[in-house]
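A look at the structure
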Amino acid sequence: MKQMLHKARGVVVLRVSGAYPERLLNALASQGILFWGTEPVDPTTVRLTLHKGDQKKVQALGERLLFEVTVERREGLPYTLAALRRRYALLAGLCFSLLAVFLFSQFILTVEVEGNETVPTAVILAELRRQGVRPGVFGPSLEEGDIAQRALIHLEDLSWMAINLSGTRAQVLVREKIPKPEMEVSAPADVVAKTTGLLLRVETWQGRPLFQAGETVVEGDVILSGWVPVEVPEYSQITDKGGRAVRAEGRIEARTWRTLTASIPLEMEIKSLTGREKRFYALDLLGKRMNFYGSTGISFDEYDKITQIHPLTLPGGRCLPFGLTVETVREYERLSAPIDPKGTARMLETQLRRRLDLLIGEGEVETCEVSAVEEQGLLTVRLLAQCREEIGKTVEWPP
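Notes on the structure follow. Keep in mind the model is a prediction, meaning the values are calculated, not measured.

1. A few points about the overall build of the chain
Counting its regular elements, the chain contains 8 helices and 22 strands. Taken over C-alpha atoms, the radius of gyration comes to 44 Å for the chain, far larger than the 21 Å a tight globule of 399 residues would show. Overall size of the chain, expressed as C-alpha extent along the three principal axes, is 140 × 70 × 40 Å. Taking the contacts inside the chain whose residues are at least 6 apart along the sequence as the reference set, 66% of them involve residues at least 24 apart. For the chain, the exposed surface amounts to about 26300 Å²; the carbon and sulfur share of it is 54%. If you average the places of the 50 positive and of the 52 negative side-chain charges in the chain, the two averages end up 15 Å apart.

Quick look at the structure:
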């Protein structure tokens, strides 16, 4: 730190020659002139360093004491600025650089979000951009508190937000709302059949069964009713005591038959690249896009566009709002090509089996038959399966 202060004031290295150089050093000390770095060169010569402002005093004192004082070198900020006085272009460049650093340090280059777990960062950044917080905006013009309050109105899953500006970085701290606990409401409900089948097992946990094992039900039939009548004793003169509404629950297993089909044309339309392509370049600067291709249009009738963004990244991995965008346009033409019937049939069968697994859930497939037919320009794959599955579905009563 002391060395930097000396360089800021400017230092001079002097060479003092004469009989008994220590006489001059003692005189400097007695007059309170600060010097350091004393180095003997020979018995009659010594080298010392002092501040720029004390140079004339030392030279005048040396003449009175019959010493030869010469300047070896000058260092420090005053001499550097003096050397630039006649180099107008270099001085202007230095001033412009300092001004550019000062101005650009006032712009936001990165926006970072911290504290979110379930709310996506992209959603928060999109809302902040809508409120004016984005790379390239002038930092002092932002009102952090007002922006955070307005953003919270549109981000309902957040309970708190704070925006801290630190140089070119905007740090956004958020806290998410604690979800309200869901209250279980036991509304009256029936258990109905979600598909047609032959009942194998009817296990009633609550409610009144309307079907028994061995009977057939169709989709929508009420298997377990949520209305349970009150039993009337045989000796009672009251014929109907009403009943009570409950939420019917139970397990309904049935044998079902599923028929699934999938079709695909025997000839498919494919894209074939012609080999012709064009590239367009653009520069992204602080959220603004500068196109290098002007108003040049795309002369291809049908094409695919591939966009590659190459952002400028700092060594720490932080992306700056500067980058190069390359758009590649490739022309293609549409051609018709026949499909492979066997391979396509296997693919459709695999998809139908996956769909069947989703339909029956934890059930099991007892038998399965698959057939493939080519007709009317289509390849049709049909899957017929006999399954054992849970077909009960809870349907609440209307309010």
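There's more to say after this.
2. Description of the pattern of salt bridges
Think of it this way: side chains of opposite charge can pair up when their charged atoms draw near. Under the definition given, this model contains 21 salt bridges. The shortest N-O distance in the salt bridge between aspartate 304 and lysine 271 comes to 3.3 Å. Here aspartate 304 is found in strand S18 (residues 303–313), whereas its partner lysine 271 is found in strand S16 (residues 267–285), with 33 residues between them in sequence. One salt-bridge network, held together by shared partners, links Arg15, Glu39, Arg47 and Glu72.

3. Quick word on the sheet that holds strand S22 (residues 392–396)
Spatially, S10-S12-S8-S22 is the arrangement adopted by the 4 strands of the open sheet, whose pairing is antiparallel. If you trace the sheet from one side to the other, it starts and ends with strand S10 (208–209) and S22, each paired once.

4. Considerations on the nonpolar core
Grouped together as the largest cluster of nonpolar side chains are 20 residues, with contacts concentrated most on Ile124, Leu128, Leu158, Met161 and Val172. Put simply, the parts of the chain that give this core at least two residues each are strand S5 (110–114), helix H6 (121–130), helix H7 (144–154), strand S6 (158–166) and strand S7 (169–176). When residues of this core are assigned to their parent elements, the largest contribution, 4 residues, is made by H7. Leave out the neighbours within four places in its chain, and isoleucine 124 touches Val113, Asn116, Val119, Leu155, Leu158, Met161 and Val174. With 16 residues, the next largest nonpolar core counts Leu14, Leu48, Leu50 and Phe67 among its residues.

5. Overview of a nonpolar patch on the surface
Where nonpolar side chains cluster on the molecular surface, the patch consists of Tyr281, Leu285, Met290, Phe292 and Leu324 and spans about 450 Å² of accessible area. Secondary-structure assignment places leucine 285 in strand S16.

6. Quick word on the state of the cysteines
Scanning the model with the defined rule gives 0 disulfides in all. You can see cysteine 368 has no disulfide; the closest cysteine sulfur is in cysteine 387, sitting 7.8 Å from it.

7. Observations concerning the packing of H6 against H7
Angle between the axes and distance between the axes: these two values describe a pair of packed helices. Between H6 and H7, whose axes approach to 10 Å, the crossing angle comes to 125°. Between H6 and H7, the angle is such that the two are oblique. Handedness of the H6/H7 crossing: right-handed. Across the interface between the two elements, Glu127, Leu128 and Arg130 of H6 pack against Arg150, Ala151 and His154 of H7. Tallied by class, the residues present in the contact of H6 with H7 amount to 2 nonpolar, 1 polar and 3 charged.

8. Some details on helix H2 (residues 22–30)
Those residues of H2 lying buried are Leu24, Leu25, Ala27 and Leu28. Taken end-on, H2 shows its buried residues confined to a sector of 160°, consistent with a single buried face. Residues of H2 that are exposed and angled more than 90 degrees away from the buried face: Asn26, Ala29 and Ser30. Here the buried face of H2 lies against strand S1 (11–17), strand S2 (35–42), strand S3 (45–51) and helix H3 (55–64). Glycine 32 sits one or two positions beyond H2 and adopts a positive phi of about 75°.

Rules and cut-offs
Residues numbered from 1 in each chain as written. Predicted model: local features only at pLDDT ≥ 70, side-chain atom pairs only at ≥ 80, totals over all residues. Heavy atoms only, no water. Helix = DSSP H or I, 4+ residues; strand = E, 2+ residues; numbered from the N terminus. Rg over C-alpha atoms; globule rule 2.2 N^0.38 Å. Contact = heavy atoms within 4.5 Å. Areas by Shrake-Rupley, 256 points an atom, 1.4 Å probe, with all protein chains shown as cover. Lys, Arg positive; Asp, Glu negative; His and termini not counted. Charge placed at Lys NZ, Arg CZ, Asp CG, Glu CD. Salt bridge = Lys/Arg side-chain N within 4 Å of Asp/Glu carboxyl O. Pairing = 2+ DSSP bridges. Core = buried A, V, L, I, M, F, W, Y, C linked by side-chain atoms within 4.5 Å. Buried < 20%, exposed > 50% of the residue type's maximum accessible area, 1.4 Å probe, protein only. Patch = residues over 30% accessible without salt bridge, like charges linked within 9 Å, V, L, I, M, F, W, Y side chains within 5 Å. Disulfide = S-S within 2.5 Å. Axes fitted to C-alpha atoms, helices over the stretch in contact; angles between N-to-C directions. Parallel < 35°, antiparallel > 145°, perpendicular 65-115°, else oblique. Left-handed = near helix turned anticlockwise from the far one by under 90°. Nonpolar A, V, L, I, M, F, W, Y, C, P; charged D, E, K, R; others polar. Arc of directions from axis to C-beta.

Without other data, these values stay purely geometric and don't point to any function.
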